[in-house]
Amino acid sequence: TTSTQSADSAATDEQDHSESGDLEFVIAYTCKHLNDREAKWSTTEKEAYAIIHSVDVFRTYLYGRKFTVFTDHQPLEWLMRKSEPAGRLARWASKLQEFDIVIGNRPGKSHQNADTLSRIPILPIAKVESKTEPQINNLEKEWTELQHEDNYCRRIIENLKKIKNGNKKGNINGYKLNEKQELIDRYGRIVVPIVKIREIMEENHDHILAGHLGITKSLARLQRQYSWPNMRSDVMAYVNSCLKCARRKAFGTSEAPLQPLPPVNRIWERIAMDVVGRIQESVKGYKYILVLSDYVS
Ligand SMILES: [Zn+2]
C-alpha cells in the first residue's frame, strides 16, 4: 500500500513459485480519495486506512485465507500496539482481527541508500519485487561484479578512476562512478554489461506485462533505466527476431499481385507453405518455422 492524498493499494498474486519466488503480478488496484479531515491524518494512519479499505474491497478473496500485506510504515504494528484503541482505531483493529494477515515489510524510497541502484531501481517495468535493504545490496553487488568482469565497463571504470585522481569532474561522456567508486552509470542510467543485455531485453519486451512492444517503444522503455553501446541496433535485432511478434504480424506484406487460383474441393488437393524467420532461436537451436496450410481445411 502507499498513501498520499488518497489511500490506495494493489492486490498482487505470486506466481511461478518454483522458479522465482519474488515474481508478482498486479491483479487489481483500488484507491480511495480522502476527505479534508482524513487528509490530515498521519501517514501511518493513512496507511492503516488503506489496508482497511483494501481488505473491505477484496474481502471475498481474503476472508478465510492467509495473506500478506506489504507496507512502508508498519501501520498494522502501530495499530496493534495501541493498548486501548478508541473510536475509529478500535473499529479498525477489530475489523482486522477477522482476517489472517501476515505483515511483510517493503521499505519505501526514503529508506534506501541514495545510490545508483536505488535512484534508478533495476526493476523490469512489470515485476514487483519485495525490496528490502539486503536485496538492494545484493543487486548492487551482482551488478558491480558483472561490470568489473565486462571489458567495456571495466575500461570506463579504470579511466574514470584515473581522471578522478587528476581532480577533474569525474565524468566522461556522461559516464560516472557511484559514491563507492565501483558501479558506473551513464546520465543516470545503469550501464549494462554484455552478458546481461539479453536478459534485460527479455524482461522489458517478453515479460507477460511488458506486452511485446515494437522497436521504438521497447527502446524507449529500456532507455529510461539502462544504457549500453549499440542499444538501438541490439533492440532492433531482438524485436525483429521475436517469435511471438512474428506470429502476430499480418501475413501477405509482399508486393506481388495476387493470382486468383481455381477453387479446390478436397483436403490435400492444394496446400500452401511459407517460411517464417529468422526468429529467436529455440532451446533446441531452431531458427525458422515452416508453416503448411491446407486450402480446404
Ligand atoms: Zn515480441
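The name given to the chain in an unreviewed UniProt entry is RNA-directed DNA polymerase, with Daphnia magna as the source organism.

S.K.: Just checking my understanding: could you explain the nonpolar core for this structure?
M.R.: Among soluble globular proteins, nonpolar side chains are generally buried collectively. In terms of nonpolar packing, the biggest core is built from 19 residues, with Ile51, Val55, Leu62, Phe67, Leu79, Trp92 and Leu96 touching the most fellow members. At the level of secondary structure, the elements contributing two or more residues to this core comprise α2 (43-57), β4 (66-71), α4 (75-81) and α5 (87-96). Here this core takes five residues from α2, the largest share from any one element. The contacts of Trp92, once residues within four sequence positions are left out, are Trp41, Glu45, Ala48, Tyr49, Ile52 and Leu79. Grouped together as the second largest cluster of nonpolar side chains are 15 residues, Trp143, Leu183, Ile197 and Leu219 included.

S.K.: Can you walk me through a nonpolar patch on the surface in this structure?
M.R.: A grouping of Leu261, Ile267, Trp268, Ile271, Met273, Val275, Tyr288, Leu290, Leu292, Tyr295 and Val296 is seen on the molecular surface, where their side chains present a nonpolar patch of about 1200 Å² in accessible area. Contributing elements (two or more residues each) for the nonpolar patch: β11 (271-276) and β12 (289-294). Note that Trp268 resides in the loop between α12 (243-248) and β11. For Trp268, a relative accessible area of 67% puts it in the exposed group.

S.K.: So what exactly am I meant to see when it comes to the coordination of the zinc ion here?
M.R.: Around the zinc ion, the protein contributes the donor atoms His205 (NE2), His212 (ND1), Cys242 (SG) and Cys245 (SG), at 1.9 to 2.3 Å from the metal centre. Of note is the zinc ion, whose four donor atoms meet at the metal with angles of 102 to 123 degrees in an arrangement that counts as tetrahedral. On the primary sequence, the residues serving as donors to the zinc ion are separated as H-x6-H-x29-C-x2-C. Taken as a pair, His212 in the loop between α9 (194-205) and α10 (215-225) and Cys242 in the loop between α11 (231-240) and α12 lie far apart in primary sequence, 30 residues in all. For His212, a relative accessible area of 13% gives the class buried.

S.K.: When you look at the packing of aromatic side chains in this model, what are you seeing that I'm missing?
M.R.: The geometry of an aromatic ring pair is captured by two quantities: the separation of the ring centres and the angle between the planes. This model, assessed by the stated rule, comprises six aromatic pairs. With 5.5 Å between their ring centres and 75 degrees between their planes, Trp41 and Trp92 make a pair best called edge-to-face. Within this pair, whereas Trp41 is found in the loop between α1 (36-39) and α2, its partner Trp92 is found in helix α5, the two being separated by 51 residues in sequence. Residue class for Trp41 comes out buried when judged on its relative accessible area of 11%. Under the relative-accessibility criterion, Trp92 is labelled buried at 6%. An aromatic cluster is defined as three or more aromatic residues linked by ring pairs; in this entry it consists of Trp41, Tyr49 and Trp92. Sitting over the ring of Tyr175, Arg186 keeps its end group 4.9 Å from the ring centre. Arg270 extends its terminal NZ or CZ atom over the ring of Tyr295, reaching a point 5.2 Å from the ring centre.

S.K.: What is the right way to read α9 from this model?
M.R.: One full turn of an α-helix is made of 3.6 residues, so residues set three or four places apart face in the same direction. With 12 residues, α9 should cover 16 Å at 1.5 Å per step; its first-to-last C-alpha distance of 17 Å lies within 8% of that length. Those residues of α9 that sit buried are Lys196, Ile197, Ile200, Met201, Glu203, Asn204 and His205.

S.K.: Is there a simple way to explain the side chain of His53 in this structure?
M.R.: Within the secondary structure, His53 is located in helix α2. Beyond its immediate sequence surroundings of up to four residues, His53 is in contact with Thr30, Cys31 and Lys32.

S.K.: Looking at this model, I keep getting lost on the sheet that holds strand β9 (residues 189-191). Mind explaining?
M.R.: For sheets, the rule is that strands pair by backbone hydrogen bonds, running either parallel or antiparallel. An order of β6-β7-β8-β9-β10 is seen for the five strands of this open sheet, with the pairing classed as mixed. With one partner strand each, in any of the chains shown, β6 (171-172) and β10 (226-227) form the two edges of the open sheet. Here two bridges tie β9 to β10, and the two strands are oriented parallel to one another. Counterpart to Ile190 in the pairing with β10 is Tyr226.

Analysis parameters
- Residues numbered from 1 in each chain as written.
- Predicted model: local features only at pLDDT ≥ 70, side-chain atom pairs only at ≥ 80, totals over all residues.
- Heavy atoms only, no water.
- Core = buried A, V, L, I, M, F, W, Y, C linked by side-chain atoms within 4.5 Å.
- Buried < 20%, exposed > 50% of the residue type's maximum accessible area, 1.4 Å probe, protein only.
- Helix = DSSP H or I, 4+ residues; strand = E, 2+ residues; numbered from the N terminus.
- Contact = heavy atoms within 4.5 Å.
- Patch = residues over 30% accessible without salt bridge, like charges linked within 9 Å, V, L, I, M, F, W, Y side chains within 5 Å.
- Areas by Shrake-Rupley, 256 points an atom, 1.4 Å probe, with all protein chains shown as cover.
- Salt bridge = Lys/Arg side-chain N within 4 Å of Asp/Glu carboxyl O.
- Donors = N, O, S within 2.8 Å, 3.2 Å for Na, K, Ca; no water.
- Tetrahedral: all angles 85-135°; square planar, octahedral: opposite > 155°, others 65-115°.
- Phe/Tyr/Trp six-rings, centres within 6.5 Å; stacked < 30°, edge-to-face > 60°.
- Lys NZ or Arg CZ within 6 Å of the ring centre and 35° of its normal.
- Expected span 1.5 Å × (residues − 1).
- Pairing = 2+ DSSP bridges.

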